[in-house]
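Per-entry structural report
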Amino acid sequence: MAPRKPVRTINEPKKESKTIPLEVETAKNTTRRKAPAKKNGPGMWTQLIQFIRNDTFHFVIGLLLMLVTIYFTAGMISYFFTGAEDQSKMELTFSELHAERGGISNTTSFVGALSSHQLIHRGFGVGAFALLFFSFTLALRLMKQRTFSLWKTAIHCFFWMLWLSLVLGMVDTYLKPGIFFLLGGAHGVAVGNTIVSYIGELGILLLLAGTMIVYSIISSPRTLPYLRSLFSKKAPNNPVILDEEGEIDEDNEPLVAVGTEILPDEWVRGGEKNPVELDELEDPNEPDEHTEHSDDSVGFEVTRPVHDDNTSVDASERSSLSEENSDPNYNLDKLGKYDPTLDLSHYNFPTLNLLKIYGTDNETQIDMKEQTANKERITRTLQHYGIEIKTIKATVGPTITLYEIVPKEGVRISKIKNLEYDIMLSLAATGIRIIAPIPGKGTIGIEVPNADPQIVSMHSVIACKKFQESKYDLPVAFGRTITNEVFMVDLTKMPHLLVAGATGQGKSVGLNAIITSLLYKKHPAELKLVLIDPKKVEFNIYGGIEKHFLAKLPDGEDAIITDTTKVVETLSSICKEMDDRYDLLKKAHVRNIKEYNEKFLNRQLNPDKGHKFLPYIVVIVDEFGDLIMTAGKEVELPIARIAQLARATGIHMIIATQRPSVNIITGVIKANFPARVAFRVSSMIDSRTIIDGPGANQLVGRGDMLFTSGNELIRVQCAFVDTPEVENVVHHIGGQQGYTSAFYLPEYVGPDSEGKDLSQVDMSKHDPLFEEAARLIVSTQQGSTSNIQRKFSIGYNRAGRIVDQLEVAGIIGPNEGSKARQVLVMDEMHLEQLLNQLR
């Protein structure tokens, strides 16, 4: 009997982390008994298990299963044409059929003919093809082709096999089609007749129809709204457009601008005769049903103290709320909760199969030889300098291994920190980092790069339970920590992010990981991106989602800003958007965008008062150092203003640079960007500029990064997302229905545009849209070029000419810088009189 293999204890403090305790040889245990000799190789069962788990074995099995599926599919199809000729032979035994196999007409000979007869005629009828579809899906899964979900496919195929068998079995029983095989198979006829004997013919019809309706509701999200529209009293406002096959045609669905609120005509004309005021919905003096409880034995009553000050505050708040929403027809009871995603109700979020899987994905492989050798080298080096340690344990991450050391009493920590280069020399490592001590632990950490680093794929990060169930407003998944845990942050809590690192160390991949994680979690109505790319090639790939997620200036040709002059205009326009949002927050009596949108969703803010749903805006600036060199203070000032004030309005900024010097990352920038990501840099000075301390110069590169939000440093291996993966996500989103245009930022009027001469405006030739634009501005009381451009789907230059004509006509006032133009005509009656004079 072979000697038993020594067992190594693996301590796992968390589910995903892999911590290995390593024994340390000291002077007191040198006389220890020698461990039994290690076995040269793994055992037979271990080799068998490894062979079964091998991807090559899975691919071969999947290929064989696909070939078998194709064979039986051909046999079942041939059975429909040749089964009548072979029907007399199907009742023979297998040996007799084998003897007469030359007379079989089926393409697949007697094996395929007999199998088809058993599956179709004596089995489940036509529904037996569902078994072949499941077999085909299983073969694809074994070949690492994730086309369909295996469990969902199994459930769907099982349902259709049984349901079709019963339905066609009833056809065989009552209609008797007169063909050589049973459409529903022997199973459908037998089970159908049994059910009919219990509940009758009407009962089985209702049973089949009911099961199909329940199946449709569970499998398709469109079924329930469609059924509700059939049973609702009022016809739907937007007609459902069907294609030739009777399905909903998403391509012909009308395009709606962002934030547009559509009200039925009957509510606009007057609504109900006795509208309910908002003040009548809730009485603060009315006792709460939860404050009083009755019991048969003991009486217990809780009263809530009423203060005069609070009562007055509630009254003032309710009065101000009624001012913002004075329309009795616009309330939660009548309209229901507002859904900002209805404009793109058929939007499908990106799926996981768009991302690539690398190796074992989320499972870290442990090389025990490497860990043991590193442990011995660290121990030997420390002993050379008279440093004795109690214990040492290793936590293996995807690219870094953390060795936690507990020194003996009396050892100075600074003595171990000074041995950094000696330990690096003994380990022959590219770079190590000593954490003395580890915050929250009584140990000293030594981070050593793995000899065989593993790739952390974006697929493993997006597919994890932590990301899928995240409730963050703007979730950003960076990658995995040393303990192999997914590292996520909420961008709204940071609220701005500074990314810095040398060229080729993973900075661009990190920005792509940030954008990808946001695209996987947010709907186009909830998030808008402003991408500034001076290099013109980093963000160019995201041009395909312009009508879904991107924001730009009204006169901008490209949503990806690459021109330096446009960068200044864009940042200034974002500052104006920030000021406009603060005005809305002030009118709504809220403090941040989350409270504002919550009120708007609950119909407490009326769009007629200028209120609208506010999406989050994330501004991502690449090559910030190049912008500072070319534009200087013109860029730094609006960025500093956004960083200081824009958090409450839902505007967040991410800037990246490869030159982390003090003249690029100034004190103003650092003071307003507490959250920072540092990739590998060349010197300790650059590291101190980014994270206010050393560490970034000791990273190993290739996505190895440090994250800090003002307290401790967290080492993370950034998730790798390749360009083809980003293209797949962009094509998936861009191929769906989008808005009519990108999200327009407010107009920015520079100092050169304030004194524009209107004497050359030709009023003899009005624009064909002049009168319609005038009615739009008077009805909305908003004199905005972007509003005209968005409503009539025209260019910025034509909309600007219409605004100039409206100003000359006296309908709107002159330009007042960052403020909106004043509308001089208050109602449509006066507008018609003015238009008649101009005709």
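Since the model is a prediction, treat every value here as computed from it, not as a measurement.

Calculation criteria
Residues numbered from 1 in each chain as written. Predicted model: local features only at pLDDT ≥ 70, side-chain atom pairs only at ≥ 80, totals over all residues. Heavy atoms only, no water. Helix = DSSP H or I, 4+ residues; strand = E, 2+ residues; numbered from the N terminus. Buried < 20%, exposed > 50% of the residue type's maximum accessible area, 1.4 Å probe, protein only. Contact = heavy atoms within 4.5 Å. Areas by Shrake-Rupley, 256 points an atom, 1.4 Å probe, with all protein chains shown as cover. Expected span 1.5 Å × (residues − 1). Patch = residues over 30% accessible without salt bridge, like charges linked within 9 Å, V, L, I, M, F, W, Y side chains within 5 Å. Salt bridge = Lys/Arg side-chain N within 4 Å of Asp/Glu carboxyl O. Pairing = 2+ DSSP bridges. Axes fitted to C-alpha atoms, helices over the stretch in contact; angles between N-to-C directions. Core = buried A, V, L, I, M, F, W, Y, C linked by side-chain atoms within 4.5 Å. Polar contact = N/O pair within 3.5 Å; in protein donor to acceptor, adjacent residues only side chain to side chain. Left-handed = near helix turned anticlockwise from the far one by under 90°. Phe/Tyr/Trp six-rings, centres within 6.5 Å; stacked < 30°, edge-to-face > 60°. Lys NZ or Arg CZ within 6 Å of the ring centre and 35° of its normal. pLDDT = per-residue confidence, 0-100.

Attention now goes to the overall build of the protein. Along the protein, the regular secondary structure elements total 28 helices and 18 strands. Per-residue burial over the protein gives 44% buried out of 839 residues. In the protein, the proportion of contacts linking residues at least 24 apart, taken out of those at least 6 apart, comes to 68%. On the protein, roughly 45700 Å² of surface is accessible, and the fraction owed to carbon and sulfur atoms is 55%.

Bringing helix H27 (residues 796-808) into the picture now. Look at H27: 19 Å from first C-alpha to last across 13 residues, which is about the 18 Å you get at 1.5 Å a residue. Within H27, burial applies to Ala799, Gly800, Ile802, Val803, Asp804, Gln805, Leu806 and Glu807. On its buried side, H27 packs onto helix H25 (770-780) and helix H26 (785-792). Just downstream of H27, Gly810 is the residue with a positive phi angle, here 85°.

So, about a nonpolar patch on the surface. A surface patch of nonpolar side chains, amounting to about 600 Å² of accessible area, comprises Phe59, Val60, Ile61, Leu63, Leu64, Leu67 and Ile70. Along the chain, Ile61 turns up in helix H2 (residues 55-82). Overall, the relative accessible area of 35% leaves Ile61 in the partly exposed class.

So, on to unusual backbone geometry. Residues apart from glycine generally show negative phi values, whereas peptide bonds are mostly found in trans. Residue Pro495 is reached from Met494 by a cis peptide bond, and omega for that bond is -10°. Its place among the elements puts Pro495 in the loop between strand E9 (486-490) and strand E10 (497-500). Backbone geometry places Arg702, a non-glycine residue, at a positive phi of 55°. By the element assignment, Arg702 lies in the loop between helix H23 (684-691) and strand E16 (704-708).

Locating Asp473 in the fold gives a position in the loop between helix H16 (465-468) and strand E8 (475-481). For Asp473, a relative accessible area of 16% translates into the label buried. In this view, Asp473 contacts Asp490, Thr492, Lys493, Lys522, Lys594 and Tyr616; residues no more than four positions away in its chain are not counted.

This brings us to the sheet that holds E16. Spatial ordering of the open sheet is given by E9-E8-E17-E16-E15-E10-E14-E13-E11, a layout of nine strands whose pairing is mixed. Looking along the sheet, the strands with just one partner apiece sit at the ends: E9 and strand E11 (527-532). Taking each pair of neighbouring strands and ignoring which way they run, the sheet shows an average axis angle of 30°. Sheet topology note: the E16/strand E17 (residues 714-718) ladder contains four bridges and is antiparallel.

With that settled, consider the nonpolar core. Phe478, Leu497 and Phe707 are the most contacted members of the largest nonpolar core, which totals 71 residues. Here this core takes seven residues from helix H17 (residues 507-521), the largest share from any one element. When residues no more than four places from it in sequence are discounted, the contact partners of Phe478 are Phe487, Val489, Leu497, Ile514, Val677, Met705, Phe707, Val716, Gln717, Cys718 and Ala719.

By the element assignment, Asn606 lies in the loop between helix H19 (593-601) and strand E13 (616-621). The exposure class assigned to Asn606 is buried, which follows from its relative accessible area of 4%. Here the side chain of Asn606 touches Asp608 through a polar contact of 3.0 Å, landing on its backbone nitrogen.

The next point concerns the pairing of E8. A regular strand places its side chains so that they alternate between the two faces of the sheet. For E8, the buried fraction is high: seven of the seven residues fall into the buried class. Sheet topology places E8 next to E9; five bridges connect them, and they run antiparallel. Within the sheet, the bridge partner assigned to Ala477 lies in E9 and is Met488. In this antiparallel pair of consecutive strands, E8 and E9, the connection spans four residues, and Asn484 shows a positive phi of 70°. Relative to E17, E8 runs antiparallel, the two being bridged by three bridges. Residue pairing for E17: Arg480 is matched across the bridge by Gln717.

All right, on to the packing of H25 against H26 then. Two elements in contact, H25 and H26, have axes whose closest approach is 11 Å; the angle formed by their N-to-C orientations is 120°. Remark: the crossing between H25 and H26 carries right-handed chirality. On H26, the residues that touch Glu772, Ala773, Leu776, Ile777 and Thr780 of H25 are Asn787, Ile788, Lys791 and Phe792.

A full pass over the atoms with the stated rule returns 18 aromatic pairs. Ring centres 4.9 Å apart and planes at 65° place the aromatic pair Phe180 and Phe181 in the edge-to-face group. Ring geometry for Tyr347 against Phe349: centres 5.3 Å apart, planes inclined by 75°, an arrangement best described as edge-to-face. Overall, Tyr347 belongs to the buried group, its relative accessible area being 8%. Three or more aromatic residues joined by ring pairs form one cluster here, namely Tyr79, Phe80, Phe129, Phe180 and Phe181. Looking at Lys521, its charged tip hangs above the ring of Phe467, at a distance of 5.8 Å from the centre.

A few words now on the confidence of the model for the protein. Chain-level statistics for the protein give a pLDDT mean of 78 and a share of 78% at 70 or above. Here residues 23-39 is a poorly scored stretch, pLDDT under 50, and it has 15 contacts once near neighbours within four places are set aside; other chains count. Within the model, the stretch residues 233-322 combines pLDDT values under 50 with 71 contacts to residues more than four positions away or in other chains.

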